[in-house]
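Each chain, written out:
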Amino acid sequence: MAWRSLLFLLLMALVAAGCSTAGNTAPDVSLGIVTFNLYHDKADWPQRRALIVGELRTLDPDVIVLQEVLQHESLRNQAEDLAEALGYHAWFASVDPTGNARRYGNAILTRHPLLAHDWTPLRPREDARNAAFVRIDIGGRPLNIYATHPNYRSDAEGERLRRQQFGDLLAFIDRTAGDAPSIVAGDFNAASDRPEMAAIDAKFGNAYDRLHPGANADPRANATLNPHYFPNDPRRIDHVYLQRGALQPLEARIVLNREGAPGGWPSDHFGPYG
């Protein structure tokens, strides 16, 4: 798996590609996945959209996990728009009521058959966070994909909220995963070695850490926050987690990290791919 990503309020493209099943008597199957923070409609969305669509077409991942997806009166739902441009199915989840013109949330795009989908709000409700879920058919095998984007604050209150939200996320996974292996991806707003990440790490292994040992010791070289937007914040906060004992990462690299026109980037995050 290879990847990097962008952060809160930006278009984030994180791709964990090249993950394969493990510990199964059936032939292994591989999967490419990108997770990307879209930065909603800020910073010239039409220009950024063109950069995103162009690179995603080249990468051709099996799954694209999106955060900061927006729709409003003059903006088509960004996940549905990108899915149509790329030939994917889209599942969008938001705490905003379905009938609202303005809705904001997470999405999962895939070119594989959808077997199931669901979502859940994460507490507290006023934080407007959620987790999305789809089950897809990969070569005759079911695979669960979960998308999330917890609280962004970097202080003690943010850590407390993320702990609570990760608890809600894991409970949601327990209710919906069944016997299929699972991947959890998104903008976690925390480095993989933060204390609140321990609950996730107990059941899911960080793909980038697995293939890049010691990455947290050199944050600037491994940051998923775009330094054009975050020159003094070299954190890696966008992650893909694979279910331990069921999935193995094969490759990890950074994508969606190239400037288009001067000052024009796909997002304020980079995107990992593998």
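Anything mentioned here points back to the structure above.
Everything numeric here is computed off the predicted structure, so don't read it as measured data. (Residues numbered from 1 in each chain as written. Predicted model: local features only at pLDDT ≥ 70, side-chain atom pairs only at ≥ 80, totals over all residues. Heavy atoms only, no water.)

## Observations regarding the pattern of salt bridges
Here comes step 1: Throughout the structure, instances matching the rule amount to 18 salt bridges.
Here comes step 2: For the salt bridge of Asp 155 with Arg 153, the shortest nitrogen-to-oxygen distance reads 2.6 Å.
Here comes step 3: The class of Asp 155 is partly exposed, set by a relative accessible area of 34%.
Here comes step 4: With its nearest N and O atoms 2.9 Å apart, the salt bridge here joins Arg 162 to Glu 196. (Salt bridge = Lys/Arg side-chain N within 4 Å of Asp/Glu carboxyl O. Buried < 20%, exposed > 50% of the residue type's maximum accessible area, 1.4 Å probe, protein only.)

## Considering the pairing of strand E11 (residues 238-243)
Here comes step 1: Across the six residues of E11, five count as buried, placing the element largely inside the fold.
Here comes step 2: As paired strands, strand E9 (residues 182-187) and E11 are joined by five bridges and run antiparallel to one another. Residue pairing in the sheet places Val 184 in a bridge with Tyr 241 of E11.
Here comes step 3: Two elements, strand E10 (residues 204-206) and E11, share three bridges in a ladder whose sense is antiparallel. When the bridges of E11 are listed, Asn 206 appears paired with Tyr 241. (Helix = DSSP H or I, 4+ residues; strand = E, 2+ residues; numbered from the N terminus. Pairing = 2+ DSSP bridges.)

## Some remarks on the packing of aromatic side chains
Here comes step 1: This model, assessed by the stated rule, comprises seven aromatic pairs.
Here comes step 2: On the numbers, 5.9 Å between centres and 45 degrees between planes, the contact of Phe 166 with Phe 188 is tilted. One end of the pair, Phe 166, is in helix H3 (residues 156-176); the other, Phe 188, is in the loop between E9 and helix H4 (198-201), with 22 residues separating them in the sequence. Of the two residues, Phe 166 and Phe 188, both sit in the buried class.
Here comes step 3: Linked through ring pairs, Phe 133, Tyr 146 and Phe 172 together constitute an aromatic cluster. (Phe/Tyr/Trp six-rings, centres within 6.5 Å; stacked < 30°, edge-to-face > 60°.)

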